[in-house]
Amino acid sequence: MSDESRPSPAQTAVAAVIPAAGRGVRLGPGAPKALRALNGTPMLIHAVRALAASRHVSLVIVVAPADGAAEVKSLLDAHALPERTDFLVVPGGDTRQESVKLGLDALPPEYGVVLVHDAARPLVPVDTVDAVVEAVRAGAPAVVPALPLADTVKEVEPAAEAGEPEPVVATPERARLRAVQTPQGFDRTTLIRAHETVTDNVTDDASMVEQLGLTVVAVPGHEEAFKVTRPLDLVLAEAVLARRRLNDGF
Ligand code: CTP
Ligand code: MG
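Residues numbered from 1 in each chain as written. Chains lettered and ligands numbered in written order. Predicted model: local features only at pLDDT ≥ 70, side-chain atom pairs only at ≥ 80, totals over all residues. Heavy atoms only, no water.

Visitor: Honestly, the overall build of the chain in this entry has me stumped. Any pointers?
Guide: Broken down by element type, the chain carries 7 helices and 12 strands. Computed over the C-alpha atoms, the radius of gyration of the chain is 18 Å, within 12% of the 18 Å expected from 2.2 N^0.38 for a compact globule of 250 residues. On the principal axes, the C-alpha backbone points of the chain span a range of 55 × 45 × 40 Å. Counting only residues that meet the buried cut, the chain has 45% of its 250 residues in that class. Once local pairs closer than 6 in sequence are excluded, the contacts in the chain between residues at least 24 apart make up 73%. Roughly 12700 Å² of accessible area belongs to the chain as shown, and the carbon and sulfur atoms make up 52% of that amount. When the 24 basic and 33 acidic side-chain charges of the chain are each reduced to a single mean position, those positions are 4 Å apart. (Helix = DSSP H or I, 4+ residues; strand = E, 2+ residues; numbered from the N terminus. Rg over C-alpha atoms; globule rule 2.2 N^0.38 Å. Buried < 20%, exposed > 50% of the residue type's maximum accessible area, 1.4 Å probe, protein only. Contact = heavy atoms within 4.5 Å. Areas by Shrake-Rupley, 256 points an atom, 1.4 Å probe, with all protein chains shown as cover. Lys, Arg positive; Asp, Glu negative; His and termini not counted. Charge placed at Lys NZ, Arg CZ, Asp CG, Glu CD.)

Structure follows, in structure tokens:
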């Protein structure tokens, strides 16, 4: 199908690519991060369910650790998703960027809107997912959920060795800064072009779209969409799940 004959983002189906191929080095030794349990269920399953909870999302493409695609496939077979949601599993690459690209390579042509969501953000609320989809459908080529910062941020001259004092270079005005989360949402053609064009190493997908000179917009993120990165984040994630369970009981 040519780009011209594809349905517009306003009408088309939505797929989610979930990069889950990282090792989780900062979490410490153990299984790949996405396969570690939160309250007994693998983080990846929480993340897949969080995206599948959106009535917009009809396909989830999970990018598994390169040697773990079969294991991830059987995990997904064992944990029911809503009937409207299909899934695919593909093996990932050495960087997040490569893993997302490998996920996009598996994207069927009928999906005109793509969400990219870290498996490491297992608790994103469905309202955040829906807000991102709606902003893409309304015409934005790229959308990021974002939150204001609590801390003041300094730019430094990084020290050659960890722990050495680092000269501060600048202090950007905090009110103009945002911490960016996932899912990030894209018009399909834009995201594929970004991944084909931009070769710099980046830490999120929207910055590739920025490098194409296109406008990226931020919508409100959510504190529960935090990224599980360090051991303390596992404690926080399990506390959020416990609070949800309690609230669901009333
Ligand atoms: N990711 C991926 N492929 C990679 C590296 C990362 O799919 N080669 C995914 C991770 O699985 C995660 C997301 O990208 O869901 C965000 O990355 P990050 O939080 O940095 O996870 P890890 O790379 O696993 O963690 P670390 O950097 O501590 O090793
Ligand atoms: Mg990483």
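Visitor: What is the right way to read the side chain of T41 from this model?
Guide: Structurally, T41 can be placed in strand 3 (residues 41-42). Residue T41 is classed as buried on the basis of its relative accessible area of 17%. In this structure, T41 is in contact with R36, H46, R49 and H79, ignoring residues within four places of it in sequence.

Visitor: Could you clarify how one ought to interpret the site of ligand 1 in this entry?
Guide: Every one of the 18 residues lining ligand 1 counts as a neighbour, but P19, A21, V25, R26 and S99 are closest to it. P19 has a polar backbone atom sitting 2.8 Å from an oxygen atom of ligand 1. A distance of 2.7 Å separates a nitrogen atom of ligand 1 from a polar side-chain atom of S99. Isolated, ligand 1 exposes 560 Å² of accessible area, and the fraction of that covered by the protein chains is 87%. (Near = heavy atom within 4 Å. Polar contact = N/O pair within 3.5 Å; in protein donor to acceptor, adjacent residues only side chain to side chain.)

Visitor: Would you mind going over the pattern of salt bridges with me for this structure?
Guide: Should the charged atoms of two oppositely charged side chains come close, the side chains can pair. Here the structure, examined in full by the defined rule, presents 7 salt bridges. The partner of K73 in a salt bridge is D77, and the shortest N-O contact between them spans 3.1 Å. Of this pair, K73 and D77 both sit in helix 2 (residues 69-78), separated by 4 residues, roughly a single helical turn. By relative accessible area, which is 39% here, K73 ends up partly exposed. Among the salt bridges present, the one from R96 reaches D205, with a minimum N-O distance of 2.8 Å. Separated by 109 residues along the polypeptide, R96 in helix 3 (residues 96-105) and D205 in the loop between helix 5 (188-197) and helix 6 (206-211) bring together distant segments of the chain. By relative accessible area, which is 2% here, D205 ends up buried. The network of salt bridges with common partners includes R96, D118, R121 and D205. (Salt bridge = Lys/Arg side-chain N within 4 Å of Asp/Glu carboxyl O.)

Visitor: When you look at the UniProt feature "site: Transition state stabilizer" (unreviewed entry) in the chain in this model, what are you seeing that I'm missing?
Guide: As annotated by UniProt and renumbered to match this structure, "site: Transition state stabilizer" (unreviewed entry) occupies R26 and K33. Position of R26 relative to the elements: it lies in the loop between strand 1 (13-19) and strand 2 (37-38). Not counting residues within four places of it along the chain, the set of residues in contact with R26 comprises K227, T229, R230 and P231. Residue placement: K33 occurs in the loop between strand 1 and strand 2. Its relative accessible area of 12% is what places K33 among the buried residues. (UniProt positions renumbered as here; feature names shortened; annotations may be inferred.)

Visitor: Just checking my understanding: could you explain helix 7 (residues 231-248) for this structure?
Guide: Since there are 3.6 residues in each turn of an α-helix, residues three or four apart along the chain are aligned in direction. Helix length check: helix 7 (18 residues) gives 26 Å between terminal C-alpha atoms against 26 Å at 1.5 Å per residue, within 8%. Turning to helix 7, its buried residues are D233, A237, V240 and L241. Buried residues in helix 7, looked at end-on, bunch into an arc of 95°, giving them a common side. The outward face of helix 7, more than 90 degrees from its buried face, is lined by the exposed residues L232, V235, R245 and L246. Tucked inside the fold, the buried residues of helix 7 contact strand 2 and helix 1 (43-52). (Expected span 1.5 Å × (residues − 1). Arc of directions from axis to C-beta.)

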